[in-house]
Amino acid sequence: MATETFTGHRGLDMDEPLIFEQGAAGMSGVDLPGAGEFEDRLGDAGRESETGLPGLSEPQVVRHYLRLSRNNYAIDAGMYPLGSCTMKHNPRLNEKLARLAGLADLHPLQPLSTVQGALALIDQCADWLKTLTGMDAIAMSPAAGAHGELCGLMTIRAALEAGGDGRAIVLVPESAHGTNPASAHMCGYKVETIPTNGRGRVDFGAFNERLGPDVAAIMITNPNTCGLFEDEIIEIADAAHAAGAYVYCDGANFNAIVGRVRPGDLGIDAMHLNLHKTFSAPHGGGGPGSGPVVLSGALAPFAPVPYVVSADDGYALVESAEASDASPYGRMKGFHGQFGVFVRTLSYMMSMGADGLAQAASDAVLSANYILAGLSDDLTLSYEGPCMHEVLFDDRFLAETEVTTLDFAKAMIDEGVHPMTMYFPLVVHGALLMEPTETESLASLDQYIGMVKSLARRAKQGEVAAFKEAPRLAPRRRLDETTAARNPVLRWLPGDKAAAE
Ligand SMILES: *Cc1c(COP(=O)(O)O)cnc(C)c1O
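The present account deals with the structure reproduced in this document. (Residues numbered from 1 in each chain as written. Predicted model: local features only at pLDDT ≥ 70, side-chain atom pairs only at ≥ 80, totals over all residues. Heavy atoms only, no water.)

Focus: the site of the ligand
Basically, it comes down to this: Nearness here has a simple test: a residue counts as near a molecule or strand if at least one of its heavy atoms is within 4 Å of that partner. Any N or O atom pair separated by 3.5 Å or less is treated as a polar contact, with the protein-specific requirement of one donor-capable and one acceptor-capable atom, and with residues adjacent in sequence counted only for side-chain atom pairs. For the accessible areas, the method is Shrake-Rupley and the probe is 1.4 Å, while residue cover comes only from the protein chains on display. The way it works is that DSSP assigns letters per residue, a run of H or I at least four long becomes a helix, a run of E at least two long becomes a strand, and they are numbered from the N terminus. For this classification, Asp, Glu, Lys and Arg are treated as charged, while Ala, Val, Leu, Ile, Met, Phe, Trp, Tyr, Cys and Pro are nonpolar and the rest, including Gly, are polar.
Close contacts around the ligand come from Ser-84, Ala-144, Gly-145, Ala-146, Glu-149, His-177, Thr-179, Asp-250, Ala-252, Asn-274, His-276 and Lys-277, and that covers them all. Within the backbone of Gly-145, one N or O atom sits 2.7 Å away from an oxygen atom of the ligand. Surface burial for the ligand is 86%, taken as the share of its 380 Å² of free accessible area covered by protein chains. When residues of the shell around the ligand are assigned to their parent elements, the largest contribution, three residues, is made by helix α6 (residues 145-162). For the shell around the ligand, the class distribution of residues is three nonpolar, six polar and three charged.

Here's the deal with the pattern of salt bridges
The following threshold applies: The working definition used for a salt bridge is a side-chain nitrogen of Lys or Arg within 4 Å of a carboxyl oxygen of Asp or Glu. We call a residue buried when its accessible area falls under 20% of the maximum for its residue type, exposed when it is over 50%, and partly exposed in between, using a 1.4 Å probe and counting protein chains only.
Following the criterion strictly, the structure yields 21 salt bridges and no others. Between Glu-438 and Lys-88 there is a salt bridge whose closest N-O contact spans 2.9 Å. Of the two residues, Glu-438 is situated in the loop between β13 (432-434) and α14 (442-460) and Lys-88 in the loop between α2 (58-70) and α3 (92-98); the sequence distance between them amounts to 350 residues. Each member of the pair, Glu-438 as well as Lys-88, is classed as buried. Shared partners join several salt bridges into a network, and the residues in it are Lys-190, Glu-192, Arg-210 and Asp-214.

Quick word on the sheet that holds strand β5 (residues 246-250)
This is how the line gets drawn: Strand pairing requires that DSSP identify at least two bridges connecting the strands. Note on method: axes are straight lines fitted to C-alpha atoms, helices fitted across the in-contact stretch only, with angles between N-to-C directions ranging 0 to 180 degrees. Residue contacts follow a heavy-atom distance rule, with two residues in contact if any of their heavy atoms lie within 4.5 Å.
The strand order across the open sheet formed by seven strands is β1-β7-β6-β5-β4-β2-β3, and the pairing between neighbours is mixed. One side of each edge strand has no neighbouring strand; the edge strands of this open sheet are β1 (137-139) and β3 (190-194). Adjacent strand axes in the sheet meet at a mean angle of 25° when their direction is disregarded. Relative to strand β7 (residues 293-295), strand β6 (residues 270-272) runs antiparallel, the two sharing three bridges. Among the inter-strand pairings, Met-271 is bridged to a residue of β7, identified as Val-294. The strands touched by α6 within the sheet are β1, β2 (169-173), β4 (215-221), β5, β6 and β7, with β5 carrying the most contacts at an inclination of about 175°. Contacting β4 and β5, helix α9 (residues 233-242) runs over the sheet at an angle of about 170° to β4.

Comments concerning the packing of aromatic side chains
Put simply, the test is: Any two of the Phe, Tyr and Trp rings considered here, Trp counted by its six-membered ring, make a pair once their centres fall within 6.5 Å; the pair's planes then place it as stacked at under 30 degrees, edge-to-face at over 60, or tilted in between.
Taken as a whole, this structure holds four aromatic pairs when the rule is applied. Measuring from centroid to centroid gives 6.3 Å for Phe-204 and Phe-207, while their planes differ by 45°, and the two rings are tilted. Pair noted here: Phe-204 and Phe-207 are both in helix α8 (residues 204-210), with a separation of three residues, about one helical turn. Arranged with centres 5.5 Å apart and planes meeting at 90°, the rings of Phe-397 and Phe-408 form a pair that is edge-to-face. With Phe-397 in the loop between β11 (391-394) and α13 (405-414) and Phe-408 in helix α13, this pair connects stretches of sequence that are eleven residues apart. Judged by its relative accessible area of 0%, Phe-408 falls in the buried class.

Coordinates in, geometry out; function isn't part of it.
Have a look at this one:
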């Protein structure tokens, strides 16, 4: 961004060029002896031109990545109220355990006799996830929530097809996360939408009317993406079962009810758990996600391989579909899933205890309701509370202004807070979905509420320009998201630089 400094930096806020722009031919971070005489065995397959990789010294590389890391916003840096995504604090204890050499340096092809401890860890983690959800079986391997949805639906399809039943429809509520219809579609189902009622929940009447012999499953999110508990879940599950359909639950919001409600008691047949949401493992760049799927007794025989079984002489693995005599579709993924995330999850469960997990759920709900109470005079609440772990506002409070939800979110960046989730769920106009991490202190919630209130008042007082220009204080100003999506420049090689100039 334009500044009046010679360097382009603004104090400690460094303007960092791309690594390809910094690279210079002949620079190197290592001292390698010259190649000497050698015989080129690649022949015509050998490279004839430069690789295009940037040449940089070691200090340049260190500074580049350190500076970039300082531009990164993370839950470790400040409040991250991203609704639906549940940005949980990642306890350092988990990280310490996941880095133990005996766990971190395992290879999935090691002989079973050398990984008995790891299998015990997977088994114990699986067992507690089943206990917390009140379900009979679990598939540990799915790599994330969306992958878990696909796994759950493939399991449902396998169970139906085993009975010669070719049902083709999956019902998905209007407020569902986009991955739900996408997973159903990938699994070969036709998706039909069920409307949301005036209370922000699945319209039971419309659902009941649509049920029939062609419906394979309903996918329901509970608590749902409006931050509300689906209080007719038992009626919905009963009606689905009576019609021969299965109930898939999107368990992304399990953090609101863990230790308090067991989905198995509500009639759920399959549900994924986002270990990176409920069980404090990092999202994205901090480590891969993980989406184990718990299954009811009816679906258990159709679970994918592999799974751990305990035998007389230790733990063993069921690895092939033939060996399990069901598992009709085999594996979801190579090996066992995200083992490092299982370590973090078990560490979190063991350090929290059953009471601690239930307390975390209660604190999440309390914090969200505190924000609901603090902001409902200045913003417009979409559905009457109380809410669960996240609170949904819409943009009616901005109606008389020219400020949009997007402008409002950008202004939050100038305040040093990551914006809430915006424009999701789609059932309300200009959604602002706020989910405070349950580890935020009262002081930090108060500061957040004060900040949002002050922005709302400034918007209503007509300070449009400040919102349209936001963020003004971030390393980058507002990006042209349309061009970025339509015409992405995903790599930058020396030739591109010349072409761009
Ligand atoms: C996060 C989320 C998903 C998808 O989970 P991933 O782990 O990101 O694949 C699905 N549904 C809801 C409601 C979510 O919040």
